[in-house]
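The chain contents come next:
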Amino acid sequence: MSSFKPKNNRAWLGVLPVLLIVAFSAVIPLMTVVNYSVQDILDFNSRFFVGFEWYQQTLKDPRFVDAFLRQVVFSLTILAIEVPLGVAVAKGIPKDSRFTSLILILLALPLLIPWNVVGTIWQVFARPDIGLLGWTVNALGIPYNYTAEPLHAWLTLVAMDVWHWTSLIALLAFAGLTSIPTPFYQAAELDGASRWQVFRYVEMPRLQGVLIIGVLLRLMDSFMIYTEPFVLTGGGPGNATTMLSQHLATMAVGQFDLGPAAAFSVIYFLFILLFCWIFYTSVVRSDDE
Amino acid sequence: MLSVNNVCLIPNEDNVFSHSFARGEICVVLGANQSGKTNLCRLIAGLNTRARGAVHLDDKSLEKLSPRARPVSMVYQAFVNYPNLTVFENIASPLIARKASNEAVSKSVTDLAEKLRIDPLLHRLPSELSGGQQQRVAIARALAQDAQVLLLDEPLVNLDFKLREALEVELRELLRASNTVVIYTSSDPRDAFTHGDQLLLLDKGKKIQAGPPLQVYERPSSPTAMALLADPDINRFYRDGKLCALRPEHIELVGAGPTSGNAVDFHMQVTAYETNGDESFVHGLVEGAEWVLRQRGMLPVNVGQTLQINAALRDVVQF
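Residues numbered from 1 in each chain as written. Chains lettered and ligands numbered in written order. Predicted model: local features only at pLDDT ≥ 70, side-chain atom pairs only at ≥ 80, totals over all residues. Heavy atoms only, no water.

**A word on the overall build of chain A**
Secondary structure assignment for chain A yields twelve helices and two strands. Traced from its N-terminal end to its C-terminal end, chain A shows the element sequence α-β-β-α-α-α-α-α-α-α-α-α-α-α. Since a compact globule built from 289 residues should have a radius of gyration of about 19 Å, the 24 Å found for chain A marks it as more spread out than a globular shape. Its C-alpha atoms put chain A at 85 × 75 × 35 Å along the principal axes. Evaluated residue by residue, chain A yields a buried proportion of 39% over its 289 residues. Here chain A carries 16 positive and 19 negative side-chain charges, and the mean point of each set is 10 Å from the other. (Helix = DSSP H or I, 4+ residues; strand = E, 2+ residues; numbered from the N terminus. Rg over C-alpha atoms; globule rule 2.2 N^0.38 Å. Buried < 20%, exposed > 50% of the residue type's maximum accessible area, 1.4 Å probe, protein only. Lys, Arg positive; Asp, Glu negative; His and termini not counted. Charge placed at Lys NZ, Arg CZ, Asp CG, Glu CD.)

The following block contains the structure:
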């Protein structure tokens, strides 16, 4: 074709708006953070280049390590609960009943509530003195106080996240399930497959795709969780529910340690990237075999 | 013998269906869409359907049995296999579910795979196969159950023309050699002649005629029965107040056809002409009705002209 037409680079103009948006929304902010992370900033007129010092300091900081471990435990816990529970809920939704759309709307409700409102709802809901949940549990003779007991704070936090996000997995899984044509179920029925075998060999292969997306979304999102624990417990009692993002906010906004906070951010970002990559490649690779 | 008695195949239709299917014979159930073919299969298999009625196999009622407990297997229009199991595991799945021994499983899988010529593919996944091969796997899986009733619900519809022809011939040989009740549903009249020992015509949940295919072809009981076996549609006309019909392949241009003594003559106002070189279709108006005639080769016909056509008297079917 090039022999007929003069070479033409106009298509690049079409890409330009996207490049500009990505530059301003992602690349420039990220590079600013990288820039901060290698400097000691006393004020904006006196900065010193310190190389990787902040990175070394952050990785050795026990508060970072603790927050990181808490974060990993939290993300794995909610994934281990939300994914099976979401699939179970999706399997329970009738496919062609007149209540189907009502059920779907009800399921979607928690997803529509702003995060700080979710935190506030649970903060009140779980209060031992006036909250429905907290009062009931105490009335049943089980001492429960999420503001004083780290374990109770954790259980409340996990319950809150499960309440908030299981719907997402359930809706995704339901979409996956409805895409399976009925002959597949009928064939399995005639083959004499048990309910577990139907799930394992008919439904799971087709749910895989949506579940990968669901797990990735929940993994990234839970790793960045900030608002809900901040509203619910403020990271306490002590530091028991201080996740990475809250630790970071304290450093950057509370103490104004821009350099260390920037190094922290870069490490944080790379960890999320790494986890998603590990998860995705392991799933996709095992798929190829 | 499989008998189906007093079955209502289509909800809200009053038509009641009864028929007996013999062992060792392939019965082609021919009907248009929504004629109740799939409901008939589901009813026999015990799957969820709105059709209601009695099903007996050798005088034993199947009604109370779950699909799993029925000696019935089924092949669907869609290529239904387990996506994450290999071809071998797919064919073996009904046997494993019934707890057959390992040697028995691998022997029957190998046998079936050889018969259906998929033995080189045993370690592949269904997604790595062509449509024809996928349907072969599905057929092998159905045969692996060694059921007494085999239901084939339009199994070849989704295959392209050449694959379809190849599989048609093999399927006929495979199915003939058993003592099974084979029910093959289709909407294509050709299937009746390629596969059928018996033909059953179904219209709106009602049995309109049954018998050996050629007998049904020669002596259709009603215009609907005749039309179901014709492709394209039959041509209708009236003589002495009685409805008569002619198949498109039985009409000739005057001069090429039968001599005038044994023939009935018509004039056709040509409205359309189509040909693929091998066959030609001429559409037109005869005595106010839309007709179509089918001829071998190409014809010297122009749209708008009036054709002299005739047909042998013995080909005229009178109702």
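Now that the structure has been shown, the text picks up again.
**Quick word on the packing of aromatic side chains**
Residues and elements named next belong to chain A. Evaluation of the coordinates by the stated rule reveals 21 aromatic pairs over all chains. With a centroid separation of 5.2 Å and an interplanar angle of 85°, the aromatic rings of Trp122 and Phe125 are classed as edge-to-face. Residue Trp122 and its partner Phe125 are both found in helix α5 (residues 115-125); the two are separated by three residues, about one turn of the helix. In this structure Trp122 comes out as buried when scored by relative accessible area, which is 7%. (Phe/Tyr/Trp six-rings, centres within 6.5 Å; stacked < 30°, edge-to-face > 60°.)

**What about unusual backbone geometry?**
All names here are of chain B. The residue after Asp231, namely Pro232, is reached through a cis peptide bond having omega -5°. Phi at Asp58 is positive, roughly 50°, even though this residue is not glycine. As for its placement among the helices and strands, Asp58 is situated in the loop between β4 (52-57) and β5 (60-61).

**Examining the domain arrangement of chain B**
For chain B, the domain assignment lists domain 1 (2-224) and domain 2 (232-318). The C-alpha-based centres of domain 1 of chain B and domain 2 of chain B are spaced at 37 Å. (Domains from an automatic or database assignment.)

**Focus: the sheet that holds strand β15 (residues 279-286) of chain B**
Residue and element names in this part refer to chain B. Spatial strand order, β13-β17-β14-β15-β16: five strands in an open sheet with antiparallel pairing. Among the strands making up the open sheet, the edge pair consists of β13 (251-253) and β16 (289-296). Averaged over neighbouring strand pairs, the angle between their axes works out to 45° when direction is ignored. As defined by bridge partners, strand β14 (residues 263-275) adjoins strand β17 (residues 306-312) across seven bridges and the pair is classed as antiparallel. Residue pairing across strands places Gln269 opposite Thr306, the latter belonging to β17. (Pairing = 2+ DSSP bridges. Axes fitted to C-alpha atoms, helices over the stretch in contact; angles between N-to-C directions.)

**Re the domain arrangement of chain A**
All names here are of chain A. Taken domain by domain, chain A holds domain 1 (10-51) and domain 2 (63-288). Just the C-alpha atoms count here: the centres of domain 1 and domain 2 sit 32 Å apart. Tallying the contact residues gives eight residues for domain 1 and seven residues for domain 2. Between domain 1 and domain 2, a total of about 550 Å² is buried, with carbon and sulfur atoms accounting for 87% of that surface. (Contact = heavy atoms within 4.5 Å. Buried area = accessible area lost by both parts, 1.4 Å probe.)

**Side note on the layout of surface pockets**
Residues and elements named next belong to chain A. Of the voids in this model, the largest pocket is the one considered here, and its volume is about 640 Å³. As for the largest pocket, its lining consists of 23 residues, of which Lys95, Thr182, Tyr185, Val198 and Glu203 are closest to the centre. The residue inventory of the lining of the largest pocket, partitioned by class, reads twelve nonpolar, four polar and seven charged. (1 Å grid on protein atoms, 1.4 Å probe; cavity = no way out; pocket = protein on both sides within 12 Å on 5 of 7 lines; lining within 4 Å. Points joined across faces, edges and corners; volume = space filled by probe spheres on them. Nonpolar A, V, L, I, M, F, W, Y, C, P; charged D, E, K, R; others polar.)

**A word on the interface of chain A and chain B**
Reports often express the size of an interface as the amount of accessible area lost when the parts come together. The interface of chain A with chain B comprises 14 residues on the first partner and 22 residues on the second. A buried area of about 1,700 Å², summed over both sides, lies between chain A and chain B, and 58% of it is on carbon and sulfur atoms. Considering only the side of chain A, the residues that lose the most area to chain B are A:Gln186, A:Leu190 and A:Asp191, jointly responsible for 42% of the buried surface there. Counting every contact that joins chain A to chain B gives one salt bridge. For the salt bridge of A:Asp191 with B:Arg141, the shortest nitrogen-to-oxygen distance reads 3.0 Å. The interface formed by chain A and chain B includes five residue pairs in polar contact (both at pLDDT 80 or more). When residues of the side of chain A that touches chain B are traced back to their parent elements, those giving at least two are α8 (182-191) and α9 (195-223) of chain A. (Salt bridge = Lys/Arg side-chain N within 4 Å of Asp/Glu carboxyl O. Polar contact = N/O pair within 3.5 Å; in protein donor to acceptor, adjacent residues only side chain to side chain.)

**Thoughts on α9(A)**
Given a rise of 1.5 Å per residue, 29 residues ought to cover 42 Å, yet the end C-alpha atoms of α9(A) are separated by just 35 Å, more than 12% below that figure. A bend of about 55° at A:Met204 is the largest found in α9(A), and the proline A:Pro205 appears one to four places after it. (Expected span 1.5 Å × (residues − 1). Bend = angle between axes of the 7 residues up to and from the residue.)

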